[in-house]
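Observations on chain architecture
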Amino acid sequence: MADKNNFTQDKNFFILNAMDDWVRIVDKDGKTIFINDAFKKESQKSTELFNYIKENSAIILPTRNKDMKNTTMIEEKLIDDRYFSIKTSPIYNGDEFLGIVEVYRDITRESLMKIELFNTNRAMLDDVRFVKKIQSNILPKNKNYGKISLKSIYLASDDLSGDFFDVIRIDDDKYALYIADIMGHGVKASIMTMFIKVTMGAILDKHPDYSPSEILFKLRDNFQALGMESSQYLTAWLGIFDFADDSLTFSNAGHNCPPLLYSRREDKVDYLLANGRMISNIIEPDNYDEKKVKLTSGDRLLLFSDGAIEAKNESRKEYGLERLKEIFTNYHDLDLTYEDIKMFTWGKQEDDISLVQVEYKEI
């Protein structure tokens, strides 16, 4: 470095003039003593920039304390409708403080992209919240449907869920109940839940005499007609309540969460098991088994998604199917069952959780 009173004349300063970034050097008294060619050219075109250079030192040097004189600082400023990242570094000759060097980098393009991205994400978030509200509102309400009384807990891990359940009235004596789990989360999964709701309603409206297995085959046909990518699939459990003979007939399409049925008369809980493959474009179902059980007043059915049994505690241990059965056997109550899941996971949720309790009642 040259003499401190003439350090800007050093021959190496041609490097600063070759830079596209703007460079300014301010001496220890706060006076601008050097600007590079790029900065000079722009300041001649812009009155606002010229005034900024003239009137504003990024740091008031005479009042800087010792720690500040050893600190490099970076800030962003809007100058003449352009965004700049300004890096300010101290200049020393040995231990003697001579001034500061400021490097101005035009980040207008990056900043505008950030603003545009922020606005786009905000608009998308508004859309997601709108869809989430619709998704929640099309779920069945907690109320009586003929001889069945429904209560549910529905918690999406993300803004939009791939879990869905519904109750559909077939006639005065028959109601269909199903739970479905679509692969993944987000907008795609949410749209698929709405497809299932519309499709199931249309199938039962046109074919009220269909059995559970026939309904699932028809649902698969409609799913295939969408022409979805091969990796997309869904699972579903479907039951039809017949109040005329107090029965529940059900089938399963790959839903690995078999519902639990609490029999009040026998005071025990059993899984409602039935074989059947998931609904996809790459796996052909050979059959959807149908099972039938008799119901009495006070019996309770618990439907759930895999988010409940795959919930993990702080040691990454899963809640598990057997623990769910044990808790429901002890309490046969939806709220107490969910409280145990929440206690196990310390309230942390990684996947969608759906819990649906149906109590069979005499009218």
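An unreviewed UniProt entry annotates the protein as Stage II sporulation protein E of Anaerococcus prevotii ACS-065-V-Col13.

Residue position: Lys-147 is located in the loop between strand 6 (144–145) and strand 7 (148–155). On the accessibility criterion, Lys-147 (12% relative accessible area) is buried. Of note is the side chain of Lys-147, whose polar atom sits 3.3 Å from the backbone oxygen of Phe-243. A distance of 3.0 Å separates polar atoms of two side chains, one belonging to Lys-147 and the other to Asp-246.

Aromatic rings in a pair are described by how distant their centres are and how their planes are angled relative to each other. In the structure shown here, the tally under the stated rule is 14 aromatic pairs. With 6.5 Å between their ring centres and 75° between their planes, Phe-84 and Tyr-104 make a pair best called edge-to-face. With Phe-84 in strand 4 (residues 82–93) and Tyr-104 in strand 5 (residues 96–106), this pair connects stretches of sequence that are 20 residues apart. By relative accessible area, Phe-84 is classed as buried at 1%. Both rings, one in Tyr-154 and one in Phe-165, keep their centres 6.2 Å apart while their planes meet at 70°; by these two values the pair is edge-to-face.

This brings us to unusual backbone geometry. Residues other than glycine seldom take positive phi values, yet Asp-267 does so here, at roughly 55°. With a relative accessible area of 52%, Asp-267 lands in the exposed category. One non-glycine residue, Arg-316, adopts positive backbone phi at about 70°. Here Arg-316 lies in the loop between helix 8 (306–309) and helix 9 (321–331). The exposure class of Arg-316 is partly exposed, given its relative accessible area of 47%.

What follows covers the packing of helix 6 (residues 186–206) against helix 7 (residues 212–225). Two elements in contact, helix 6 and helix 7, have axes separated by 10 Å at closest approach and are oriented at 130°. With respect to helix 7, the axis of helix 6 lies oblique. Pair helix 6 / helix 7 crosses with right-handed handedness. Across from Met-192, Phe-195, Thr-199, Met-200, Ile-203 and Leu-204 in helix 6, the residues of helix 7 making contact are Ile-215, Lys-218, Leu-219, Asn-222 and Phe-223. For the contact of helix 6 with helix 7, the class distribution of residues is eight nonpolar, two polar and one charged.

This next bit is on the pattern of salt bridges. Side chains that differ in charge, positive against negative, can pair when their charged atoms come close. Applying the stated criterion across every chain yields a total of 16 salt bridges. A salt bridge links Arg-82 to Asp-106; the nearest nitrogen and oxygen atoms lie 3.9 Å apart. Of the two residues, Arg-82 sits in strand 4 while Asp-106 sits in strand 5, which places them 24 residues apart along the sequence. Overall, Arg-82 belongs to the partly exposed group, its relative accessible area being 21%. When the shortest N-O distance is used, the salt bridge between Asp-166 and Lys-197 registers 3.0 Å. Here Lys-197 lies in helix 6 and Asp-166 lies in strand 8 (residues 163–171), a separation of 31 residues in the sequence. Residue class for Asp-166 comes out buried when judged on its relative accessible area of 5%. Taking relative accessible area as the criterion, Lys-197 reaches 26% and is therefore assigned partly exposed. Through salt bridges with shared partners, one network takes in Glu-266, Lys-268 and Asp-270.

Definitions and cut-offs
- Residues numbered from 1 in each chain as written.
- Predicted model: local features only at pLDDT ≥ 70, side-chain atom pairs only at ≥ 80, totals over all residues.
- Heavy atoms only, no water.
- Helix = DSSP H or I, 4+ residues; strand = E, 2+ residues; numbered from the N terminus.
- Buried < 20%, exposed > 50% of the residue type's maximum accessible area, 1.4 Å probe, protein only.
- Polar contact = N/O pair within 3.5 Å; in protein donor to acceptor, adjacent residues only side chain to side chain.
- Phe/Tyr/Trp six-rings, centres within 6.5 Å; stacked < 30°, edge-to-face > 60°.
- Axes fitted to C-alpha atoms, helices over the stretch in contact; angles between N-to-C directions.
- Parallel < 35°, antiparallel > 145°, perpendicular 65-115°, else oblique.
- Left-handed = near helix turned anticlockwise from the far one by under 90°.
- Contact = heavy atoms within 4.5 Å.
- Nonpolar A, V, L, I, M, F, W, Y, C, P; charged D, E, K, R; others polar.
- Salt bridge = Lys/Arg side-chain N within 4 Å of Asp/Glu carboxyl O.

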